[in-house]
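If you want the building blocks of each chain, they are given just below.
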Amino acid sequence: MNPTALMIMLLSLAIGTTMTLMSHHWLLAWIGLEINTLAIIPLMTKTPHPRAIEAATKYFLTQASASALILFSATMNAWKTGEWSITLLSDPYTITLSMALMMKLGLAPLHFWLPEVIQGIPLSTGLILSTWQKIAPMTLLLQISHLTDLKLLITMGLTSILIGGWGGINQTQLRKVMAFSSIGHLGWMVLILKFSPQLTLLNFLLYTTMTAAMFFSLMSISSTKISEISSSWPKSPILVTTMMLVLLSLAGLPPLTGFSPKLLIILELAKQNTLLLASVTMLASLLALFFYLRLTYVMILTLPPHIPPSSTHWRTTKNSPLTATMTTLALLIFPLSPTFLLII
């Protein structure tokens, strides 16, 4: 893609998200979401491939439907209340706006577009879609969390955790694995949204860090399948090792970064006397834990048994400082998570 066009698209993404973050008005928030949607579509189709065109079309139709629902609900709410304020919502429109934002995020059962779209686009665009594009809808959801129906949030959260684990079990394509991982993590965030929005925000920040670390690592070795990661071992053994650890961090195993949000969420659910919900959530997350462990196990098993002692195999992948920083944060930030929670 032309560097000037790329810069314009990235700048538009930044402007759209910033506009939504700064707005107290549903119309301005909607405009920011639309700028975001329109700015990422050229990035999806920068490789003129039928799969990329299909992914961009699916993404556009889904996001346009969710945006229309947001605009119509906000308009009807403004007609009823006389204000466009984000935090002033009347009863029937709170649910429709929440559902539209969840559709934009890719929460189950409104998740069907996400795995297919991420599978059809380049890794760099998949990184933006999995992290940056979720900031604006998540911020709006946080702002209306005190008005959202608790039963809706619990249902969507548990469904997303189950679908995120179940869908990722038999995947060999790493982009689809990351898509189902995203659905599962969003389920954890939505589950605790009503009880503790601060925990949701912390979980979102740590999810963004871990997902970015995984995507940066995949981009470094240009891998989209599990088998390709295994064959990358002779070129960059340290990077492949850290990728396995990032996968375990995404699974939520201690003492890695991904363990802290799960621990804090379970403790908060126990504090709210919802022990049954906490137990069901932990059982549902075992599915995701299984597929992360399976992925790691497959990666270890398929490592080449004999590495020829040739210097050509160590023509190393250039690891950027950004990849190293994000991977370090994705693995070692667990002891600092209580401090971050206090700051939030």
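Residues numbered from 1 in each chain as written. Predicted model: local features only at pLDDT ≥ 70, side-chain atom pairs only at ≥ 80, totals over all residues. Heavy atoms only, no water.

In the annotation of an unreviewed UniProt entry, the entry for the protein chain reads NADH-ubiquinone oxidoreductase chain 2, and the organism field reads Nanorana sichuanensis. Listed in UniProt under the heading Function (unreviewed entry), the comment for the protein chain reads: "Core subunit of the mitochondrial membrane respiratory chain NADH dehydrogenase (Complex I) which catalyzes electron transfer from NADH through the respiratory chain, using ubiquinone as an electron acceptor. Essential for the catalytic activity and assembly of complex I." Note on the protein chain: under the UniProt heading Subcellular location (unreviewed entry), the record states "Mitochondrion inner membrane". (UniProt positions renumbered as here; feature names shortened; annotations may be inferred.)

Next up on the list: unusual backbone geometry. Ala108 connects to Pro109 through a cis peptide bond whose omega is 0°. Within the element layout of this structure, Pro109 appears in the loop between helix H4 (91-105) and helix H5 (113-120). Cis geometry is adopted by the peptide bond preceding Pro255, which originates at Pro254 and carries an omega value of 5°. Tracing the backbone through its elements, the reader meets Pro255 in the loop between helix H12 (237-251) and helix H13 (259-271). Within the chain, Ser222 stands out as a residue other than glycine whose phi angle is a positive 50°. As for its position among the elements, Ser222 is in the loop between helix H10 (197-221) and helix H11 (226-231). On the accessibility criterion, Ser222 (58% relative accessible area) is exposed. Its identity is not glycine, yet Asn273 carries a phi of approximately 60°, on the positive side. When you line up the elements, Asn273 lands in the loop between H13 and helix H14 (275-301). Looking at Asn273, the relative accessible area reads 69%, which means it is exposed. (Helix = DSSP H or I, 4+ residues; strand = E, 2+ residues; numbered from the N terminus. Buried < 20%, exposed > 50% of the residue type's maximum accessible area, 1.4 Å probe, protein only.)

Applying the stated criterion to the full structure yields 3 salt bridges. Glu116 is the salt-bridge partner of Lys176, the closest N and O atoms lying 3.4 Å from each other. On the criterion of sequence distance, the pair formed by Lys176 in helix H9 (residues 174-191) and Glu116 in helix H5 is long-range, its members being 60 residues apart. Judged by its relative accessible area of 19%, Lys176 is buried. Where Lys271 meets Glu268, a salt bridge forms, and the shortest distance between an N and an O atom there is 3.8 Å. Of the two residues, Lys271 and Glu268 both sit in helix H13, 3 residues apart, roughly one turn of that helix. (Salt bridge = Lys/Arg side-chain N within 4 Å of Asp/Glu carboxyl O.)

With that settled, consider the UniProt feature "domain: NADH:quinone oxidoreductase/Mrp antiporter transmembrane" (unreviewed entry) in the protein chain. Here the UniProt feature "domain: NADH:quinone oxidoreductase/Mrp antiporter transmembrane" (unreviewed entry) sits at residues 23-287. End C-alpha atoms of residues 23-287 are separated by 38 Å, and the span's content is 75% helix alongside 0% strand.

Axis angle and axis distance: for two packed helices, these are the angle between their axes and the distance between the axes, and together they describe the pair. Their axes nearest at 8 Å, the elements H5 and H9 cross at an angle of 145°. As for the relative orientation of H5 and H9, their crossing is right-handed in sense. Every residue of H9 that contacts H5 at Leu114, Pro115, Glu116, Ile118 and Gln119 is listed here: Arg175, Lys176, Ala179, Phe180, Ser182 and Ile183. For the contact of H5 with H9, the residue count by class is 6 nonpolar, 2 polar and 3 charged. (Axes fitted to C-alpha atoms, helices over the stretch in contact; angles between N-to-C directions. Left-handed = near helix turned anticlockwise from the far one by under 90°. Contact = heavy atoms within 4.5 Å. Nonpolar A, V, L, I, M, F, W, Y, C, P; charged D, E, K, R; others polar.)

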